[in-house]
Amino acid sequence: EAQVTQNPRYLITVTGKKLTVTCSQNMNHEYMSWYRQDPGLGLRQIYYSMNVEVTDKGDVPEGYKVSRKEKRNFPLILESPSPNQTSLYFCASSGKRNSPLHFGNGTRLTVT
Amino acid sequence: AQSVSQHNHHVILSEAASLELGCNYSYGGTVNLFWYVQYPGQHLQLLLKYFSGDPLVKGIKGFEAEFIKSKFSFNLRKPSVQWSDTAEYFCAVYGGATNKLIFGTGTLLAVQP
């Protein structure tokens with residue numbers, strides 16, 4: 001089954017404790033992206049990747065890092081999480097940048 | 001700056017009522033247009049898309065949308081909503097000078113049985 005898998009689904013952490021949210025897709029998609037969803041703000045892009053070893057900032061990249069060492073994986077790293085990063089995060093992938101996105105199930109992160 | 005506007009933030013309808021959700025974007029040129037739906041507690045799923053051709057596109061679950069280039073609009077419609085259509089709906093537009101995909105802020109639809 002074609003899917004984008006994110007883990008964990010829920011995460012509660014404390015300020016400053018490094019964390020990684022994993023994302024993996026099994027569709028051989030070149031394009032992958034991370035979004036955060038906040039009430040009233042819709043989805044905002046954090047980072048995206050056009051292919052292996054090619055990543056670029058989205059609209060709200062501050063406080064986040066990503067890597068794309070393999071085509072299927074695109075982890076999101078928060079080196080020093082802060083409470084303003086409490087949000088719902090979605091990973092997505094597509095065959096091309098303008099193709100419809102396939103979304104993961106989301107990760108609800110709470111930073112206290 | 002490029003933007004996508006969804007003017008209806010919260011819509012409440014009774015079952016069998018007709019639905020129209022507005023979506024306008026701010027940039028010209030070639031665009032690809034999408035509507036996504038997010039059911040409670042779930043991830044976003046594609047409802048329909050427009051790339052070219054017939055400006056009236058049909059999607060899943062009886063939804064359709066019309067691209068009106070002169071109005072920079074891509075409104076979503078459904079003739080008769082069901083309780084199961086309760087969800088948040090996002091318009092997204094790809095294109096413009098930056099070739100970015102930009103999402104609107106979403107419209108929360110509540111359908112009362």
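Think of each chain on its own: its residues are numbered from 1, step by step along the sequence as written. Chains carry letters from A onward and ligands carry numbers from 1 onward, assigned in written order. Reporting of local features is limited, given that this is a predicted model, to residues whose pLDDT is at least 70; pairs of side-chain atoms are given and counted only at 80 or more, and all residues count toward the totals for whole chains, interfaces and linings. Only hydrogens and water are removed before side-chain values are computed, so all heavy atoms of the structure are retained for them.

Undergrad: Is there a simple way to explain unusual backbone geometry in this structure?
TA: Glycine aside, a negative phi is what most residues show, and trans is what most peptide bonds show. Residue and element names in this part refer to chain A. Following asparagine 7, the chain continues into proline 8 via a peptide bond in cis, with omega recorded as -5°. Here asparagine 28, not a glycine, exhibits a phi torsion of approximately 60°, which is positive. Numbering of helices and strands runs from the N terminus; a helix is a DSSP stretch of H or I covering at least four residues, while a strand is a stretch of E covering at least two. Secondary-structure assignment places asparagine 28 in the loop between β3 (19-25) and β4 (31-38). For asparagine 28, a relative accessible area of 56% translates into the label exposed. Remark: exposure states derive from per-residue accessible area (1.4 Å probe, protein chains only) relative to the maximum for the residue type, with buried under 20%, exposed over 50%, and partly exposed in between.

Undergrad: I tried to follow the environment of Ser52(B) on my own but got confused; where do I start?
TA: All names here are of chain B. Here serine 52 is to be found in the loop between β6 (44-50) and β7 (56-58). Judged by relative accessible area, which is 58%, serine 52 ranks as exposed. A C-alpha to C-alpha distance of 7.9 Å links serine 52 and asparagine 32, two positions 20 residues apart in sequence.

Undergrad: What's the story with the packing of aromatic side chains in this structure? I'm lost.
TA: By convention here, two paired aromatic rings are described through the distance between centres and the angle between planes. The criterion for an aromatic pair is that two Phe, Tyr or Trp rings (for Trp, the six-membered ring) have centres within 6.5 Å, with stacked assigned to planes under 30 degrees apart, edge-to-face to planes over 60 apart and tilted to the rest. Scanning the entire structure with this criterion turns up 13 aromatic pairs over all chains. Between Phe63(B) and Tyr89(B), the aromatic rings sit 5.6 Å apart at their centres with planes inclined by 45°, giving tilted as the arrangement. With a gap of 26 residues between them, Phe63(B) in the loop between β7 and β8 (64-68) and Tyr89(B) in strand β10 (residues 87-95) connect regions that are remote in the sequence. As far as the burial class goes, Phe63(B) and Tyr89(B) line up, both buried. Each residue in the set Tyr35(A), Phe90(A), Phe103(A), Phe34(B), Tyr36(B), Phe51(B) and Phe103(B) is aromatic and connected to the rest through ring pairs, giving one cluster.

Undergrad: I would appreciate a short explanation of the interface of chain A and chain B in the present structure.
TA: Often, the extent of an interface is quoted as the loss of accessible area on bringing the components together. Counting residues at the interface gives 18 residues for chain A, matched by 21 residues for chain B. The junction of chain A with chain B conceals about 1500 Å² of combined surface from both sides, 57% of it contributed by carbon and sulfur atoms. Each salt bridge in this description consists of a side-chain nitrogen of Lys or Arg and a carboxyl oxygen of Asp or Glu lying within 4 Å of one another. Linking chain A with chain B are one salt bridge, by the criterion used here. Across the pair Asp59(A) and Lys100(B) runs a salt bridge whose closest N-O atoms are separated by 2.3 Å. N or O atoms within 3.5 Å of each other form a polar contact, as long as, within protein, one can give a hydrogen and the other can take it, and as long as residues adjacent in sequence are counted only when both atoms are side-chain atoms. Joining chain A to chain B, the criterion identifies five residue pairs in polar contact (both at pLDDT 80 or more). Those elements giving two or more residues to the side of chain A that touches chain B turn out to be β4, β5 (42-51) and β9 (87-94) of chain A. Classification used: nonpolar for Ala, Val, Leu, Ile, Met, Phe, Trp, Tyr, Cys and Pro, charged for Asp, Glu, Lys and Arg, polar for all others including Gly. Residues that form the side of chain A that touches chain B fall into these classes: eight nonpolar, seven polar and three charged. In what follows, a contact means two residues having at least one pair of non-hydrogen atoms within 4.5 Å. By buried area we mean the combined loss of accessible area, with a 1.4 Å probe, across both parts when two parts are placed together.

Undergrad: Just checking my understanding: could you explain the nonpolar core for this structure?
TA: The nonpolar side chains of a soluble globular protein tend to be buried, and buried together. All names here are of chain B. Put simply, buried Ala, Val, Leu, Ile, Met, Phe, Trp, Tyr and Cys residues joined by side-chain atoms within 4.5 Å make one nonpolar core. Residues Trp35, Leu48, Phe74, Leu76 and Tyr89 are the most contacted members of the largest nonpolar core, which totals 30 residues. For this core, the secondary structure elements donating two or more residues are β2 (10-14), β3 (19-21), β5 (31-38), β6, β8, β9 (73-78), β10 and β12 (107-112). Ignoring sequence-local partners within four residues, the contact set of leucine 76 consists of Leu19, Glu20, Leu21, Trp35, Leu47, Leu48, Phe63, Glu64, Ala65 and Tyr89.

Undergrad: In this structure, what is going on with the state of the cysteines? I would like to understand it.
TA: Every disulfide links exactly two cysteines, by a covalent bond between their sulfur atoms. The rule for a disulfide is simple: a pair of cysteine sulfur atoms within 2.5 Å. The full count for this structure, using the stated rule, is two disulfides over all chains. Disulfide pairing is shown between Cys23(A) and Cys91(A); the S-S distance is 1.9 Å. With the S-S dihedral at roughly -70°, the linkage between Cys23(A) and Cys91(A) falls on the left-handed side. Placement of Cys23(A) in strand β3 and of Cys91(A) in strand β9 is noted, with a sequence separation of 68 residues between them. With a relative accessible area of 0%, Cys91(A) lands in the buried category. Here Cys23(B) connects covalently by a disulfide to Cys91(B), the sulfurs 1.9 Å from one another. The sign of the -65° torsion about the S-S bond sets the Cys23(B)-Cys91(B) disulfide as left-handed. One end of the pair, Cys23(B), is in the loop between β3 and β4 (24-25); the other, Cys91(B), is in strand β10, with 68 residues separating them in the sequence.

Undergrad: Help me out: how do you make sense of the side chain of Glu64(B) in this one?
TA: Mapped onto the elements of the fold, Glu64(B) is located in strand β8. Residue contacts for Glu64(B): discarding those within four places in its chain leaves Leu48(B), Leu56(B), Val57(B), Lys58(B), Gly59(B), Asn75(B), Leu76(B) and Arg77(B).

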